[in-house]
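Architecture at a glance
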Amino acid sequence: MQAKVSTLMPEEQLPDMPTRLQHLPQRAKDEKKANKKYFRKLRQKKPRELDATVAALHEEVFADTDCLACANCCKSASPIFRDRDVERLASHLRMRPAEFVHEYLRMDEEGDYVLKAKPCPFLGPDNYCSVYEHRPKACRAYPHTDHKGFHQILDLTLRNTAICPAAFEVVRRLREALPV
């Protein structure tokens, strides 16, 4: 079965990234209650149908999204660093893992390693990541809108709509594609 996906007509293309970022916090706040209610009902959908629809929407939205023009995730949020991430990055930077943790990370209230500072210290002025090939798994998967088992990360997705214009747009289109 083919997933029903909304497609923007050429004249309805997304606004430029600075405009999207300027309005994102208010739009996410305005839509939060409706998205939360939608996600509660969405939990009753068959996961396979949901995953197929979200994957198609993810591809559609990211075809029109230039992450390098945005980098809001790198500027305003921190990924979780797992031990393998710490080891990989420390090795790349020719540091011991303990040095890497001391230099760049802190333990959050949930016991996860996150960045001490924002924006990410590896983000350049051109929005390129200086450790891109070695970046944490959470960065590789962000904003997780193509995650199999999407129904399991609805709370995370809701939070990401306030950070990532693409995540916001995927959820907006999802509400059209899979009404509940």
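Above this text is the structure in question.
Here is a short report on the structure shown in this document. Just so it is clear, the structure is predicted and the values come from calculations on it, not from any experiment. (Residues numbered from 1 in each chain as written. Predicted model: local features only at pLDDT ≥ 70, side-chain atom pairs only at ≥ 80, totals over all residues. Heavy atoms only, no water.)

1. Some remarks on empty space enclosed by the protein
What counts is decided by this rule: Computed over the protein atoms alone on a 1 Å grid, cavities are sets of points where a 1.4 Å probe fits but cannot get out and pockets are open sets with protein on both sides within 12 Å along at least five of seven lines; a residue lines them when it has an atom within 4 Å of a point. Grid points are joined across faces, edges and corners, and a volume is the space filled by probe spheres set on the points. Secondary structure elements are defined from DSSP: runs of H or I of at least 4 residues count as helices, runs of E of at least 2 residues count as strands, and each element is numbered from the N terminus. Under the scheme applied here, ten amino acids are nonpolar (Ala, Val, Leu, Ile, Met, Phe, Trp, Tyr, Cys and Pro), four are charged (Asp, Glu, Lys and Arg), and all others, including Gly, are polar.
This model, assessed by the stated rule, comprises one cavity of 30 Å³ or more. Within this model, the largest cavity holds a volume of roughly 30 Å³. The wall of the largest cavity is formed by Glu31, Asn35, Phe168, Val171, Arg172 and Arg175. Every element with two or more residues in the lining of the largest cavity is listed here: helix H1 (17-42) and helix H8 (165-177). A per-element tally of the lining of the largest cavity places H8 first, with four residues. Among the residues forming the lining of the largest cavity, the class breakdown is two nonpolar, one polar and three charged.

2. Observations regarding the environment of phenylalanine 39
The line we're drawing: Note on classification: 1.4 Å probe, protein chains only; a residue is buried when its accessible area is under 20% of the maximum for its type, exposed when over 50%, partly exposed between these limits. Residues count as neighbours in contact if any of their non-hydrogen atoms are within 4.5 Å of one another.
Tracing the sequence through the fold places phenylalanine 39 in helix H1. Residue classification places phenylalanine 39 among the buried residues on the basis of a relative accessible area of 3%. A sequence separation of 136 residues divides phenylalanine 39 from arginine 175, and the C-alpha atoms of the two residues are 9.3 Å apart. Not counting residues up to four positions away in its chain, the partners in contact with phenylalanine 39 are Leu154, Thr157, Leu158 and Val171.

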